[in-house]
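The primary structure of each chain is shown beneath.
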Amino acid sequence: MTVNETPAPLIVDPSRRIFGLETEFGLHFRHGAVRKITAEEVAGALFHSVVQWGRSSNVFLPNGARLYIDVGAHPEYATAECDTLTDLIAQDKAGERIVADLVAGGERRLRESGIEGEIHLYKNNVDSAGNSYGCHENYLVRRRPDFASFAGALLPFLITRQILVGSGGVTGTGTSARYCFSPRADHVWEAMSSATTRSRPMINTRDEPHAHADLYRRMHVIVGDSSMAEPTILLKVGSMDLLIRMLEAGQALPDLTIARPMQAIREVSHDLTGCALVDLEDGRRLTPIQMQEECLAAVEARIGTVIEATPEVRRILSLWRRGLEAVQAGDHTPVETELDWAIKRRLIERFRERTGASLDDPRIARLDLAYHDVAPGHGLYPALVAQGLIRTEVGEDQILRAVDDPPETTRARLRGRFVRAGIESHRDITADWVRLKVVGDEGKTILLKDPFRADDGRVDDLIASMTSSGTQVD
Amino acid sequence: MPQVSSSEHPYDEPDDAPATSPGGVPQAQANAVDALLDEIDVTLQQNAEQFVRSFVQKGGE
């Protein structure tokens, strides 16, 4: 039977949400060659194997995710649509493995053209010259007429959450060098806008839902650090989800509108005591700890009503509270295996104790890069996990499965199966977030506008037709 | 540090609390940090400044 009709949008529980994370990796090639090697050359070598099977340096993968070379010649990985945080963490960690798997081939390719060197890939947000690149979060929200004020209500939270989910790092030089919560905070220039590269806002308001536009909108958050530690990802995305759930249930968030957001985000980042005073529009002056406590208390007050107290929600709230207590007490021990800034700071402080190095010592910047390096053999992360210095949220088996297979409960399942069928049947396909098409197949495009729908007879039929006709062609 | 009562914060997981036994986990972690720093010492001492400076990323987003 051939199914042609577009299925009606599924009616989903309000607590279900589609999440996605987009990570731009810093690409660094170390070599001794005399001639100058461009970033484009290195990115091209890194993606050589991808182009060979995908005929493009911009592909969707069998796990449903997108992998491509971004503007500025560096890899970007966007997770598939996930509707659970564990799927999201597994997909995000799978992305690290997928780009890391390209490194050996890229180095070999460069070696064949006479350039010996090693490729490093950083899941971080700043380079040595003051350039910044992002980790963008996507939250599918129900469409509403007041999106701007809805998103705006989250800004005070987003500006102050770095004291929990910042990746940490040294900012400034000489006597002004200090360890800050978020090196990214110095590179954000606007509260809300539809641009990204030009002005780099905190929330990008471009209306691009990749879904039924009458039902959904995508909240695209740009102000955030790439996370290495899985508990940091859990808290970063999980806390936002809880606040969005409250707003979607018609509950007001505490009014903490910040008078000067750009000044506030920098001052909060630079004060590791969490006591930087932030001027609010209503005249109050609060610390980021107080502001986060108000957000947390608002969520806690809805546990059992708007928000169900699942084990996962408990873990999010527990880490949120312990993080605030740790900053408040100036004793980071309770979170130093869970929150990136605290994990990394422990390494840096111990290094300084052992060597007497100042914070702007290049060896500390080198250590910082090693914390974020996902290239095989170069990064600290696997050893930190193995030694119990970083906690994990998902198992190694889940990550490996997420490298190959899409999440089972969202549209990503359809895309992933389609991409795999294309590879296995040797058929040229095109895919994006909402479209699937077999090249040369009478121009037939399947539109997948419901990100919650994981089953679709049209896709089953298409895959069946590819497999049978593919065998004939071969 | 005062123990938060479970009735006040019903979501708190006792398992999440850091090990409180003196020595034990904290000492093991401190040793692990030292072992890790020993391991990467050669990398850190080797031309760190040149390494860090040579990493420049053209814009994205």
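Bear in mind the structure is a predicted one, so any value in this text is a computation, not a measurement. (Residues numbered from 1 in each chain as written. Chains lettered and ligands numbered in written order. Predicted model: local features only at pLDDT ≥ 70, side-chain atom pairs only at ≥ 80, totals over all residues. Heavy atoms only, no water.)

**Q** Quick rundown of the state of the cysteines? Include the residues and the values.
**A** Residue and element names in this part refer to chain A. Evaluation of the coordinates by the stated rule reveals zero disulfides over all chains. Cys180 supplies the cysteine sulfur nearest to Cys275, a cysteine that is in no disulfide, at a spacing of 16 Å. Cys275 sits in the partly exposed class, given a relative accessible area of 39%. Free cysteine: Cys295, not disulfide-bonded; nearest cysteine sulfur from Cys275 at 17 Å. (Disulfide = S-S within 2.5 Å. Buried < 20%, exposed > 50% of the residue type's maximum accessible area, 1.4 Å probe, protein only.)

**Q** Describe in detail the packing of aromatic side chains, supporting the description with residues and values.
**A** The way to describe two aromatic rings as a pair is by their centre distance and the angle between their planes. Residue and element names in this part refer to chain A. Counting across every chain of the model gives seven aromatic pairs over all chains. Here Phe181 and Trp341 contribute two aromatic rings whose centre-to-centre distance is 5.0 Å and whose plane-to-plane angle is 85°, an arrangement assigned as edge-to-face. A residue pair is termed long-range when its members are at least 10 positions apart, and Phe181 in the loop between strand S9 (178-180) and strand S10 (190-193) and Trp341 in helix H11 (residues 340-355) qualify at 160 residues. The residues Phe181 and Trp341 share a single accessibility class, namely buried. Aromatic side chains Tyr216 and Phe452 sit 5.8 Å apart centroid to centroid with 55° between the ring planes, which places their arrangement in the tilted category. Note that Tyr216 is positioned in strand S12 (residues 216-221) and Phe452 in the loop between strand S17 (445-447) and helix H16 (457-473), a separation of 236 residues in sequence. Just as Tyr216 is buried, Phe452 falls in that class too. Its guanidinium or amino end placed over the ring of Phe147, Arg217 lies 3.9 Å from that ring's centre, counting from NZ or CZ. (Phe/Tyr/Trp six-rings, centres within 6.5 Å; stacked < 30°, edge-to-face > 60°. Helix = DSSP H or I, 4+ residues; strand = E, 2+ residues; numbered from the N terminus. Lys NZ or Arg CZ within 6 Å of the ring centre and 35° of its normal.)

**Q** Can you explain the sheet that holds S12 of chain A? Please cite residues and give values.
**A** Residues and elements named next belong to chain A. Spatially, S3-S4-S5-S1-S7-S12-S11-S10 is the arrangement adopted by the eight strands of the open sheet, whose pairing is mixed. Strand pairing shows two members of the sheet lacking a second neighbour, strand S3 (58-60) and S10, which therefore form its edges. On average, each strand axis in the sheet is inclined to that of its neighbour by 20°, with strand direction left out of account. (Pairing = 2+ DSSP bridges. Axes fitted to C-alpha atoms, helices over the stretch in contact; angles between N-to-C directions.)

**Q** Report on the pairing of strand S5 (residues 74-78) of chain A, specifying residues and quantitative values.
**A** Residue and element names in this part refer to chain A. With five of its five residues buried, S5 lies for the most part within the structure. Burial along S5 is two-sided: His74, Glu76 and Ala78 facing one way and Pro75 and Tyr77 facing the other are all buried. Pairing of strand S1 (residues 19-24) with S5, which is carried by three bridges, proceeds in the antiparallel orientation. Within S5, the residue paired with Glu24 across the bridge is Glu76.

**Q** Go over the side chain of Arg363 of chain A, please, and point to the residues and values.
**A** With respect to the element layout, Arg363 of chain A can be found in helix H12 (residues 362-372). For Arg363 of chain A, a relative accessible area of 18% translates into the label buried. A polar atom in the side chain of Arg363 of chain A sits 3.2 Å from the side chain of Gln45 of chain B. Discounting chain neighbours no more than four positions away, the residues touching Arg363 of chain A are Phe351, Thr355 and Ala357 of chain A together with Leu44, Gln45 and Ala48 of chain B. (Polar contact = N/O pair within 3.5 Å; in protein donor to acceptor, adjacent residues only side chain to side chain. Contact = heavy atoms within 4.5 Å.)

**Q** Account for the domain arrangement of chain A, with residues named and values stated.
**A** Residues and elements named next belong to chain A. In terms of domains, chain A is made up of domain 1 (19-401) and domain 2 (410-473). Put simply, the middle of domain 1 and the middle of domain 2, counted by C-alpha atoms, are 32 Å apart. Counting from both sides, the interface comprises 19 residues of domain 1 and, opposite them, 17 residues of domain 2. With both chains or domains summed, domain 1 and domain 2 bury close to 1600 Å², and 67% of this area falls on carbon and sulfur atoms. Between domain 1 and domain 2 we count three salt bridges in total. Here Glu81 ties to Arg415 by a salt bridge, and the two come within 2.5 Å at their closest N and O atoms. (Domains from an automatic or database assignment. Buried area = accessible area lost by both parts, 1.4 Å probe. Salt bridge = Lys/Arg side-chain N within 4 Å of Asp/Glu carboxyl O.)

**Q** Give a detailed account of the nonpolar core, specifying residues and quantitative values.
**A** All names here are of chain A. Leu67, Met219 and Trp320 are the most contacted members of the largest nonpolar core, which has 124 residues in total. Setting aside anything within four residues of it in sequence, one finds Leu67 in contact with Phe47, Val50, Ser57, Asn58, Val59, Leu61, Glu76, Tyr77, Ile98, Val99 and Leu102. The next biggest cluster of nonpolar side chains, apart from the first, holds eleven residues, and it includes Val438, Val459, Leu462 and Met466. (Core = buried A, V, L, I, M, F, W, Y, C linked by side-chain atoms within 4.5 Å.)

**Q** How would you sum up the interface of chain B and chain A? Please name residues and give values.
**A** If you look at the interface, chain B gives 34 residues, while chain A gives 58 residues. With both chains or domains summed, chain B and chain A bury close to 4200 Å², and 61% of this area falls on carbon and sulfur atoms. The tally of links from chain B across to chain A stands at three salt bridges. With its nearest N and O atoms 2.5 Å apart, the salt bridge here joins Arg354 of chain A to Asp38 of chain B. Broken down by element, the side of chain B that touches chain A gets its largest block of residues, twelve residues, from helix H1 (residues 24-45) of chain B. Taken together, the residues of the side of chain B that touches chain A break down into 15 nonpolar, nine polar and ten charged. (Nonpolar A, V, L, I, M, F, W, Y, C, P; charged D, E, K, R; others polar.)

**Q** I'd love a proper account of the pattern of salt bridges, names of residues and values included.
**A** All names here are of chain A. In this structure the tally under the stated criterion is 44 salt bridges over all chains. For Glu248, the salt bridge is made with Arg142, and the minimal N-O distance between the two is 3.6 Å. Taken together, the positions of Glu248 in helix H7 (residues 230-248) and Arg142 in strand S7 (residues 135-142) put the pair 106 residues apart, joining distant regions of the chain. The class of Arg142 is partly exposed, set by a relative accessible area of 21%. Close ionic contact of Arg346 with Glu336 constitutes a salt bridge, the shortest N to O distance being 3.0 Å. With Arg346 in helix H11 and Glu336 in the loop between helix H10 (311-329) and H11, this residue pair connects regions lying ten residues apart in the sequence.

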